[in-house]
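# Commentary on secondary and tertiary structure
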Amino acid sequence: MTPVLEAAGLVKRFGAVEALAGLDLVAEPGRVVALLGPNGAGKTTFVRSVATLVRPDAGTLRVDGVDVVREPGRVRRLIGLAGQYAAVEAAMTGRENLEMVARLFGRGRRDARADAQRLIDRLSLGEVADRLVRTYSGGMRRRLDLGTGLVGAPRLLLLDEPTTGLDPRSRIDLWDAIGELVAAGTDVLLTTQYLEEADRLADQVVIIDRGRVIAEGTPRELKSRAGGDLVEVHVRDHGAVDRAMRVLEGIGAVHADPSALLVTMTAGDRPDRLLEAVRALADQRVEIDDIALRRPTLDEVFLGFTGATPERAAP
């Protein structure tokens, strides 16, 4: 089966800066690929290369088997793009925006109207379709922008920070819409600064730094590589933090967050260490509010692989 996206040895320089330094990536059909990395990692340069907006200096890049450098026109017909900010016309209605984009794709008036209605229904925009876009909320604009990226029935949809600036409710609504698109057969390359977003949407997570892929896999696989399970202990008061740390240091590596009354211990692939921790804390009469075994978060995975805090993750 032909990969929907394939990069091999991809290089792009801007003067003395090497934004992509031999990047290799393969995305199989039928999945969402999330691209993560700290500031300056090369994420945006890679997306712009896929979108034919930047020409690589070396290496190969193909979308559904079509070479991006040799046949950019064919590639543009295979992709849709929704950037960080909604690129829609505020003085037109949502329906008019979709019909205009369909006409730009060469559709006749009747077909453009049909395409617009199909996307209005698909993205649940029926109640606002005939309102001026200037009256839309941020979430509605992003949903409409997603629709304009789908007008050409793309093989691959590029989403660059799709939920930037949205409130939590609008973000969840857009996640649901993206999930429905994927279920209907649209492949997605997603860049995001919200690691919860990647955890929820992505089948494959690719972490890049300094223009190269440094880790990839499913969210579950990456969490396992980040050190296995963690035992998380919330103690009763500040005085118990140091006591809990001393007790748990004999079982695994320990990290404390005193402000949250939280002590975390690595358990690796040994869930029985939860019981060891419970017994040790009880033996030393350390008062706790709760204790639990959990997987690492993608935030912790990101920090472990890149050395950057999640807050520094940027487009």
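Residues numbered from 1 in each chain as written. Predicted model: local features only at pLDDT ≥ 70, side-chain atom pairs only at ≥ 80, totals over all residues. Heavy atoms only, no water.

## Re helix α5 (residues 138-150)
With 13 residues, α5 extends 19 Å between its outermost C-alpha atoms, agreeing within 8% with the 18 Å of an ideal straight helix rising 1.5 Å per residue. Most of α5 sits inside the fold, with 10 of its 13 residues counted as buried. Turning to α5, its buried residues number three or more, namely G139, R142, R143, L144, D145, L146, G147, T148, G149 and L150. Tucked inside the fold, the buried residues of α5 contact β6 (79-82), α3 (94-104), α4 (109-122), β7 (156-160) and α6 (168-183). (Helix = DSSP H or I, 4+ residues; strand = E, 2+ residues; numbered from the N terminus. Expected span 1.5 Å × (residues − 1). Buried < 20%, exposed > 50% of the residue type's maximum accessible area, 1.4 Å probe, protein only. Contact = heavy atoms within 4.5 Å.)

## A look at the packing of aromatic side chains
The full count for this structure, using the stated rule, is 0 aromatic pairs. Over the face of the ring belonging to F14 we find K12, whose NZ or CZ atom lies 5.3 Å from the ring centre. (Phe/Tyr/Trp six-rings, centres within 6.5 Å; stacked < 30°, edge-to-face > 60°. Lys NZ or Arg CZ within 6 Å of the ring centre and 35° of its normal.)

## A closer look at the packing of α5 against α6
Running from amino to carboxyl end, α5 crosses α6 at an angle of 20°, the nearest separation of the two axes being 9 Å. Judged by the inter-axis angle, α5 sits roughly parallel to α6. Helix-helix and strand crossings are classified by hand; for α5 and α6 the assignment is right-handed. Contacts between α5 and α6 involve G139, R142, R143, L146 and L150 from the former and S170, D173, L174, A177, I178 and L181 from the latter. Of the residues assigned to the contact of α5 with α6, the class counts are 6 nonpolar, 2 polar and 3 charged. (Axes fitted to C-alpha atoms, helices over the stretch in contact; angles between N-to-C directions. Parallel < 35°, antiparallel > 145°, perpendicular 65-115°, else oblique. Left-handed = near helix turned anticlockwise from the far one by under 90°. Nonpolar A, V, L, I, M, F, W, Y, C, P; charged D, E, K, R; others polar.)

## Considering the nonpolar core
If you look at the biggest cluster of nonpolar residues, it comprises 44 residues, and the most contacted ones within it are L146, L159 and V205. Take this core: its biggest share by element is 6 residues, from α6. Contacts of L159, omitting those with residues within four sequence positions, involve A82, L146, I178, V188, L189, L190 and T191. By size, the runner-up hydrophobic cluster in this structure holds 27 residues, among which are L10, L25, V50 and L61. (Core = buried A, V, L, I, M, F, W, Y, C linked by side-chain atoms within 4.5 Å.)

## Regarding the domain arrangement of the protein chain
Considered domain by domain, the protein chain is made up of domain 1 (5-223) and domain 2 (227-295). Centre-to-centre separation of domain 1 and domain 2, based on C-alpha positions: 41 Å. (Domains from an automatic or database assignment.)

## Quick notes on unusual backbone geometry
Backbone geometry follows two general trends: most residues other than glycine have a negative phi, and most peptide bonds adopt the trans configuration. Positive phi outside glycine occurs at E161, with the angle close to 50°. Checked against the element boundaries, E161 lands in the loop between β7 and α6. With phi around 55°, R210 is a residue other than glycine that occupies positive phi space. Position of R210 relative to the elements: it lies in the loop between β9 (204-209) and β10 (212-217).

## Here's the deal with the confidence of the model for the protein chain
With 96% of its residues at a pLDDT of 70 or more, the protein chain has an overall mean of 88. Confidence drops under pLDDT 50 across residues 310-315; counting only partners more than four residues distant or on other chains, this segment forms 19 contacts. (pLDDT = per-residue confidence, 0-100.)

## Describing a positive patch on the surface
Together, R103, R109, R110 and R113 make up a positively charged patch on the protein surface. Looking at the positive patch element by element, the count peaks at 3 residues for α4. With respect to the element layout, R109 can be found in helix α4. (Patch = residues over 30% accessible without salt bridge, like charges linked within 9 Å, V, L, I, M, F, W, Y side chains within 5 Å. Areas by Shrake-Rupley, 256 points an atom, 1.4 Å probe, with all protein chains shown as cover. Salt bridge = Lys/Arg side-chain N within 4 Å of Asp/Glu carboxyl O. Lys, Arg positive; Asp, Glu negative; His and termini not counted. Charge placed at Lys NZ, Arg CZ, Asp CG, Glu CD.)

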